[in-house]
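# Report on the structure
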Amino acid sequence: METLEKLRLGVNIDHVATVRNARGSEYPDPIRAAKIAEKAGADGITAHLREDRRHISDQDIERLVEILTVPLNFEMAATQEMQKIALRHKPHAVCIVPEKREERTTEGGLEVAREENRLAHFIAPLRESGSRVSIFIAADQKQIDAANRIGAQVIELHTGAYCDLHAEGRFEERDVELERLCEMTAYASSLGLEAHAGHGLTYDCVQPVAAFPELVELNIGHFLISEAVFRGLGPAIEEMRRLMDEARVA
Ligand code: PXP
């Protein structure tokens, strides 16, 4: 029996802040959630400071930088405002995502190929300040090549389409998407990029992705925070960790 290298689990705590902000209260506190996640086996914490601050706030980021003992993956759009904030905090990793005000969530990957020059200049100071730069993209060779050319160290592949097809029972199309994700993970890794994946993953659909040999990290949020309502955040994360570990034993 062959066991693949352990997959890192980044827990996205954005939606703890979504619930807090729905009532303008002090609770639930995303920083408390981050501490529980650390104890439950999260290898990192992900937080997305959106332009409209609909969930995570500037103060949340400041507090996370202060208290975390695991790496912070700071998700942000490629704007001057966010670059300034990232350069001030110097998080372990910065993940550049596309952002549209009207979207419910990050719907697609970044169009790196179309904006190569601007993005190369945008990420250079982030890299120089010591943050690892990750680019959130679709499983598309053209985007991976562009991410590589601009100097990103990491790519995160968008698993949203795969998860949606799974949830809708469109299994043939799902398997085509899964195959594409698997091939592109291997391709990115062959270029020397560290391959991550995430978006929309649940207990039901995580294992086939977690089994990609070259994958290094999964970032999971919405489902874990939802599941925490029923079983508590620690146990919800521990079960995801268990499923991921199980998938690595081929
Ligand atoms: N990775 C990235 C880059 C994301 O933008 C998100 C959503 O904020 C996730 C992972 C986590 O997605 P989900 O909350 O659906 O698990």
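All of the points below concern the structure found in this document. Since the structure is predicted, the reported quantities are computational estimates derived from the model, not experimental observations.

## Focus on the sheet that holds strand 5 (residues 132-137)
Strand order around the closed barrel formed by 8 strands is 1-2-3-4-5-6-7-8, with parallel pairing between neighbours. Here the strands of the sheet are splayed against their neighbours by 25° on average, with no regard to which way each runs. Where strand 7 (residues 194-198) and strand 8 (residues 215-220) come together, 4 bridges link them in parallel fashion. Along strand 8, the bridge assignment pairs Ala197 with Leu218. Helix 6 (residues 141-150) rests against strand 5 and strand 6 (154-158) of the sheet, and its axis sits at about 160° to strand 5.

## Concerning the environment of Lys84
Here Lys84 lies in helix 4 (residues 80-89). Accessibility expressed as a relative area gives 63% for Lys84, which makes it exposed. Counting along the chain gives 73 residues from Lys84 to Val11, while the straight-line C-alpha distance between them is 24 Å.

## A closer look at the packing of aromatic side chains
Considering all chains together, one arrives at 1 aromatic pair under this definition. A ring pair is formed by Tyr203 and Phe223, whose centres lie 4.7 Å apart and whose planes are at 75°; its orientation type is edge-to-face. Taken as a pair, Tyr203 in the loop between strand 7 and helix 9 (206-210) and Phe223 in helix 10 (residues 222-231) lie far apart in primary sequence, 20 residues in all. With a relative accessible area of 16%, Tyr203 lands in the buried category.

## Here we look at the packing of helix 7 (residues 160-167) against helix 8 (residues 171-190)
Running from amino to carboxyl end, helix 7 crosses helix 8 at an angle of 160°, the nearest separation of the two axes being 8 Å. When the interaxial angle is binned, helix 7 and helix 8 end up roughly antiparallel. In this structure, the crossing between helix 7 and helix 8 has a hand that is left-handed. Along the contact surface, helix 7 presents Ala161, Tyr162, Leu165 and His166, while helix 8 presents Phe171, Glu173, Arg174, Glu177, Leu178 and Leu181. The residue makeup of the contact of helix 7 with helix 8, split by class, is 6 nonpolar, 1 polar and 3 charged.

Conventions used here
Residues numbered from 1 in each chain as written. Predicted model: local features only at pLDDT ≥ 70, side-chain atom pairs only at ≥ 80, totals over all residues. Heavy atoms only, no water. Pairing = 2+ DSSP bridges. Helix = DSSP H or I, 4+ residues; strand = E, 2+ residues; numbered from the N terminus. Axes fitted to C-alpha atoms, helices over the stretch in contact; angles between N-to-C directions. Contact = heavy atoms within 4.5 Å. Buried < 20%, exposed > 50% of the residue type's maximum accessible area, 1.4 Å probe, protein only. Phe/Tyr/Trp six-rings, centres within 6.5 Å; stacked < 30°, edge-to-face > 60°. Parallel < 35°, antiparallel > 145°, perpendicular 65-115°, else oblique. Left-handed = near helix turned anticlockwise from the far one by under 90°. Nonpolar A, V, L, I, M, F, W, Y, C, P; charged D, E, K, R; others polar.

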